[in-house]
Amino acid sequence: AQSVTQLDSHVSVSEGTPVLLRCNYSSSYSPSLFWYVQHPNKGLQLLLKYTSAATLVKGINGFEAEFKKSETSFHLTKPSAHMSDAAEYFCVVARRNAGNMLTFGGGTRLMVKP
Amino acid sequence: EAGVAQSPRYKIIEKRQSVAFWCNPISGHATLYWYQQILGQGPKLLIQFQNNGVVDDSQLPKDRFSAERLKGVDSTLKIQPAKLEDSAVYLCASSGGAGGSYEQYFGPGTRLTVT
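Keep in mind that what you see is a predicted model, and the values were worked out from it rather than measured.

Criteria and cut-off values
- Residues numbered from 1 in each chain as written.
- Chains lettered and ligands numbered in written order.
- Predicted model: local features only at pLDDT ≥ 70, side-chain atom pairs only at ≥ 80, totals over all residues.
- Heavy atoms only, no water.
- Contact = heavy atoms within 4.5 Å.
- Buried area = accessible area lost by both parts, 1.4 Å probe.
- Salt bridge = Lys/Arg side-chain N within 4 Å of Asp/Glu carboxyl O.
- Polar contact = N/O pair within 3.5 Å; in protein donor to acceptor, adjacent residues only side chain to side chain.
- Core = buried A, V, L, I, M, F, W, Y, C linked by side-chain atoms within 4.5 Å.
- Buried < 20%, exposed > 50% of the residue type's maximum accessible area, 1.4 Å probe, protein only.
- Helix = DSSP H or I, 4+ residues; strand = E, 2+ residues; numbered from the N terminus.
- Disulfide = S-S within 2.5 Å.

> Whenever I open this one, the interface of chain B and chain A confuses me. Can you help?
Accessible area lost during the coming together of the parts is what is often quoted as the interface size. With 20 residues of chain B at the contact, the number on the chain A side is 17 residues. With both sides pooled, the region where chain B packs onto chain A buries about 1,400 Å², and carbon together with sulfur makes up 51% of that total. On the chain B side of the interface with chain A, the three residues burying the most area are Tyr102, Glu103 and Phe106 of chain B, jointly 31% of the side's total. Residues Lys49 of chain A and Glu103 of chain B are paired through a salt bridge, measuring 3.7 Å at the closest nitrogen-oxygen approach. For the pair chain B and chain A, the interface holds two residue pairs in polar contact (both at pLDDT 80 or more).

> Quick question: what am I supposed to make of the nonpolar core here?
The nonpolar side chains of a soluble globular protein tend to be buried with one another. By size, the foremost hydrophobic cluster in this structure holds 26 residues, and its most contacted members are Trp35, Leu48, Phe74, Leu76 and Tyr89 of chain A. In terms of residues, this core owes the most to one element, strand β10 (residues 87-95) of chain A, which gives four residues. The residues contacting Leu48 of chain A, other than those within four sequence positions of it, are Leu33, Phe34, Trp35, Val57, Lys58, Gly59, Phe63, Glu64, Ala65, Phe74 and Leu76 of chain A. Core analysis: the second largest hydrophobic core is formed by 21 residues, Cys23, Leu77, Ala88 and Tyr90 of chain B among them.

> For this particular structure, what's the right way to read the state of the cysteines?
Put plainly, two cysteines are in a disulfide when a covalent bond ties their sulfur atoms together. A complete count under the given rule lists two disulfides over all chains for this structure. One disulfide in the model links Cys23 of chain A with Cys91 of chain A; its S-S distance is 2.0 Å. Residues Cys23 of chain A and Cys91 of chain A share a disulfide whose torsion about the S-S bond is about -65°; that sign makes it left-handed. In this pair, Cys23 of chain A is assigned in strand β4 (residues 23-27) and Cys91 of chain A in strand β10, connecting sequence segments 68 residues apart. Its relative accessible area of 0% is what places Cys23 of chain A among the buried residues. At a sulfur-sulfur separation of 1.9 Å, the disulfide partner of Cys23 of chain B is Cys92 of chain B. Handedness of the Cys23 of chain B-Cys92 of chain B disulfide follows from its S-S torsion of about -70°: it is left-handed.

Scope: geometric values only; no functional claims are made or implied.
Here is the structure:
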């Protein structure tokens, strides 16, 4: 079984300040982990993915995430928030080599203040 | 390349009516997924197809929901009869392009409101 917990349902930051969106996972197998972003009325877009290579993963738009097995965490960070980053973010776990079935976290809504 | 297409984008129906959603995956993608996303929650997998066969439909409410993927390309998801709790965004995704990538690409979704 696998599950994902996103520790904050809402995060508010000022433009230009760092972003931290927290995610913890549970998996009985070696997982693949993803972060997706969803802008209003738009489809889900993949930000980045971890599939057992480097533990620090760089994604699009300046986002990155670090896989920490000992802490079962996969937190998403960005050094400097931009207004266009305001969206819903989902942490996702998949069981590798098992049909790629995704289990989504509940989501974190990121708000960016000018 | 063209993305995953879905239609309609919005649908409003009364409870007990039926509704159908359509999805056209990215060309060449063998795997197709339908998700249900209730407001304020993450998407939940309803059904996964590999070509025209069902891989997983364990979370599909089969008494009212059905899905098919004839010819292994387009897919339709049907609800009959609809209930108020079916109000959600229905997302279609596809994967499995060249090289067997497992990355899933999502369509814009169909927002269903049941009144």
